[in-house]
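A structural walkthrough
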Amino acid sequence: MTTDMTGAKIAKTARPAVVKAADVAPNRRRGGDIRVTLSPKTAGCASGFGGVLYLEAGEFVAEHYHPYSEEFLHVVAGELEMSLDGAPVPLNAGDSLLVPIDVRHRLVNVGTERAQVVFHLSPLAPRPELGHVDTEQLPAPQEPGPQVGGAELSREAVITGIGVVAPGGIGREAFWNLLTEGRTATRRITLFDPSGFRSQIAAEVDFDPRAAGLSAQQVRRMDRAAQFATVCTREAVADSGLDFGTVEPDRVGVAVGSAVGCTMSLEEEYTVLTDEGRHWLADHTYGVPHLYGYMVPSTLAVEVAWEAGAEGPAALISTGCTSGLDAVGHGAVLIQEGAADVVIAGATDAPLSPITSACFDAIRATSPSNDDPEHASRPFDATRNGFVLGEGAAVMVLEEAESARRRGARIYAHLAGFASRSNAFHMTGLRPDGREMAEAIRVAMDQARIDPADVDYINAHGSGTRQNDRHETAAFKRSLGQRAYEIPASSIKSMVGHSLGAIGSLEVAACALALERQVVPPTANLHNRDPECDLDYVPITARDHEMDVVLSVGSGFGGFQSAMVLARSV
């Protein structure tokens, strides 16, 4: 049961009603009107957070919704009351009132009479005074706060815990040491026999699940990617210092990214169920009982939720190579819009299997430098010849900023802005002008309320393919102007490879650690600068550098382009 502001008990299991809104013309810049008819049948509803009036209005619901506003619309004996900070204001049927465009109103009770209310939406107006508002006497518009999808949000998300499983070492400290020392973790593949493949090298994780703390039952049940995520979650939770017993389980969310899910286990089971590809074996005893979990990528989010005891919103984000960045961004939005107070966010991928190698061989995206794996991943270098596959995971504990401050948490970084775009162009090709990535960068900076002059470091996607490195160089110039030439940028893929969906979360972890420790990781193996990649890509050696704001970008097959702004905690 949940108690509303009047003291009434509200059932958490009731199904919310849906009220159709007529004459809807909302717009995030112009505003608009919504006329809603309320009745006991449609409005006397309850949800997990109290009664909720769902205004179904296309773009309005999708983009301008904040369920935890301080404003509530109450219904008393057939009449309506608006309550702001506990002070009721009566509203008669047909009355107009000004409300922020990001509010979805809660209803506690409704009388026996039908009532119609007109909601006049004005996104740039300040919070209204009590009583009716004359829209012609409004104060001057104020600068909007942090926004997601156009809705002004007052809550901030911060990173308070980091867990890492990466090539070159288990744990965030081993990961950070590898990066700052400029060491590479690429080698000939040992997880399967790569003979016959064009690219036979990868950045593998030296990982013993039992030594990492997993039980025998977990090892039997989990795919390697799920094992990575679980170990990372434990480290991140411990690092955060948060006593999860003090947080309601349904206020803890999960956002996990993965590009390929449980590919390794699926392929292994395929060889069993088909007698190594000869014919299908119909007898179910040949398959492991966990085969369904391998087939469904959302299993990865489920495992993390189980580990953390999270009963809030949970999602598996699969947007190719931007999955990790997008998952952390999604987690931040859950906190900003009030759907959760804590989110376990990150990504995991263990894609090193024959089918994955065959996929990237087919499009000649991976490096064939099998005789020199240590130097094969060389983003922005004139001699680069493709990316090097990797594996790994990074998971972060995200918290609502004020709550984290009150408990004295160490804050690695604020997640100040996030945006994603797609190019609707080609499955593997990129437009050379970098327009879509530049737009994602621009929107993320707008959310963070920063200008190019404020950016102190760029974590580049830097995959090591010829077209990608030129594409994002163009995007930096397009979005940051002359400032692009002044900002150090680097690619950690030069050291840990490209772990597909997981790499974005590993890069966010690297950015958070860079902000905390004021060191820029280098781009390893960058010896011969490509004239078309003429920015400061921090070759070979890490650099001490004062930073307050960091930009991290991602680019994925299918045209996904994402950008995130992280800010130092002060």
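Note that the coordinates shown come from a computational prediction; the quantities given were computed from them, not determined experimentally.

Within strand β20 (residues 392–400), 9 of the 9 residues are buried, which leaves the element mostly enclosed by the surrounding structure. Of the two faces of β20, the one lined by G392, A394, M396, L398 and E400 and the one lined by A393, V395, V397 and E399 are each fully buried. Taken together, the 8 bridges between strand β19 (residues 342–349) and β20 define a ladder with antiparallel strand orientation. Within β20, the residue paired with V343 across the bridge is L398.

All right, on to the environment of V496 then. One can find V496 in helix α14 (residues 493–496). V496 sits 106 residues away from G390 along the chain, and the two C-alpha atoms are 6.5 Å apart. Once residues lying within four places of it in the same chain are set aside, the contact partners of V496 are P167, F175, L178, L179, A203, G390 and I503.

Below, the discussion takes up helix α10 (residues 354–362). By the burial criterion, the buried members of α10 are T356, S357, F360 and D361. For α10, the angular spread of buried residues about the axis comes to 135°, placing them on one side. Contacts made by the buried residues of α10 are with α6 (263–273). Among the residues trailing α10, R364 stands out with phi positive, at a value near 55°.

On to helix α12 (residues 435–448). Turn by turn, an α-helix covers 3.6 residues, leaving residues three or four places apart pointing in a common direction. For α12, with 14 residues, the first-to-last C-alpha span of 20 Å sits near the 20 Å given by 1.5 Å per residue. Judged by how many residues are buried, α12 sits mostly within the fold: 10 of 14 residues are covered. Positive phi appears at R449, one or two residues downstream of α12, with a value of about 60°.

This part covers the pattern of salt bridges. Summed over all chains, the structure comprises 29 salt bridges. We note a salt bridge from E486 to R483, for which the minimum N-O separation is 3.2 Å. Residue E486 is classed as partly exposed on the basis of its relative accessible area of 49%. Note that D536 and R543 form a salt bridge whose closest N and O atoms lie 2.7 Å from each other. Under the relative-accessibility criterion, R543 is labelled partly exposed at 30%. Within this structure, R172, E173, E235, D239, R410, E516 and R517 form a network of salt bridges that share partners.

Let's shift gears to the side chain of E507. Structurally, E507 can be placed in helix α15 (residues 503–517). Note on E507: relative accessible area 2%, which makes it buried. For E507, the side chain forms a polar contact with the side chain of K493, separated by 2.6 Å. The contact partners of E507, leaving out residues within four places of it in the chain, are N459, A460, H461, I492, K493, S552 and V553.

Before going further, it helps to examine a nonpolar patch on the surface. Side chains of L266, Y292 and M295 sit close together on the surface and give an oily, nonpolar patch of about 340 Å² of accessible area. Considering the arrangement of structural elements, one finds M295 in helix α7 (residues 291–295). For M295, a relative accessible area of 54% translates into the label exposed.

With respect to the helices, strands and loops of the structure, S367 is situated in the loop between α10 and β20. By relative accessible area, which is 0% here, S367 ends up buried. There is a polar contact of 3.2 Å between the side chain of S367 and the backbone nitrogen of S369. Setting aside its immediate chain neighbours within four residues, S367 contacts S199, I201, A376, N385, G386, F387 and V388.

Attention shifts here to the nonpolar core. Judged by nonpolar contacts, the single largest core of 48 residues is most densely connected at I159, I162, F175, L398 and L566. Setting aside its immediate chain neighbours within four residues, L566 contacts I159, A413, H414, L415, V508, C511, A512, L515, D548, V549 and V550. Judged by nonpolar contacts, the second largest core, of 32 residues, contains V247, V256, C262 and V397.

Now for the pairing of β19. Of all 8 residues in β19, 8 are buried; the element is thus mostly enclosed. Neither face of β19 is open: one carries V342, I344, G346 and T348, the other V343, A345, A347 and D349, and all of them are buried. Where strand β17 (residues 252–257) and β19 come together, 6 bridges link them in parallel fashion. Note that in β19 the partner of A255 across the bridge is A345.

Where α12 meets helix α13 (residues 466–480), the closest approach of the two axes is 8 Å, and the angle between their N-to-C directions is 45°. Classed by the angle they form, the pair α12 and α13 counts as oblique. The handedness of the crossing between α12 and α13 is right-handed. Facing α12, whose interface residues are R435, M437, A438, I441 and M445, α13 presents H471, E472, A475, F476, R478, S479 and L480. Residue classes in the contact of α12 with α13 are distributed as 7 nonpolar, 2 polar and 3 charged.

A few words on the environment of A502. Among the structural elements, A502 can be located in the loop between α14 and α15. By relative accessible area, A502 is classed as buried at 0%. Distance from A502 to V256, taken between C-alpha atoms, is 9.3 Å for residues 246 residues apart in sequence. Aside from chain neighbours lying at most four places away, what touches A502 is A347, T348, D349, G392 and A393.

Conventions we followed
Residues numbered from 1 in each chain as written. Predicted model: local features only at pLDDT ≥ 70, side-chain atom pairs only at ≥ 80, totals over all residues. Heavy atoms only, no water. Buried < 20%, exposed > 50% of the residue type's maximum accessible area, 1.4 Å probe, protein only. Helix = DSSP H or I, 4+ residues; strand = E, 2+ residues; numbered from the N terminus. Pairing = 2+ DSSP bridges. Contact = heavy atoms within 4.5 Å. Arc of directions from axis to C-beta. Expected span 1.5 Å × (residues − 1). Salt bridge = Lys/Arg side-chain N within 4 Å of Asp/Glu carboxyl O. Polar contact = N/O pair within 3.5 Å; in protein donor to acceptor, adjacent residues only side chain to side chain. Patch = residues over 30% accessible without salt bridge, like charges linked within 9 Å, V, L, I, M, F, W, Y side chains within 5 Å. Areas by Shrake-Rupley, 256 points an atom, 1.4 Å probe, with all protein chains shown as cover. Core = buried A, V, L, I, M, F, W, Y, C linked by side-chain atoms within 4.5 Å. Axes fitted to C-alpha atoms, helices over the stretch in contact; angles between N-to-C directions. Parallel < 35°, antiparallel > 145°, perpendicular 65-115°, else oblique. Left-handed = near helix turned anticlockwise from the far one by under 90°. Nonpolar A, V, L, I, M, F, W, Y, C, P; charged D, E, K, R; others polar.

Read these as geometric descriptors, not functional statements.
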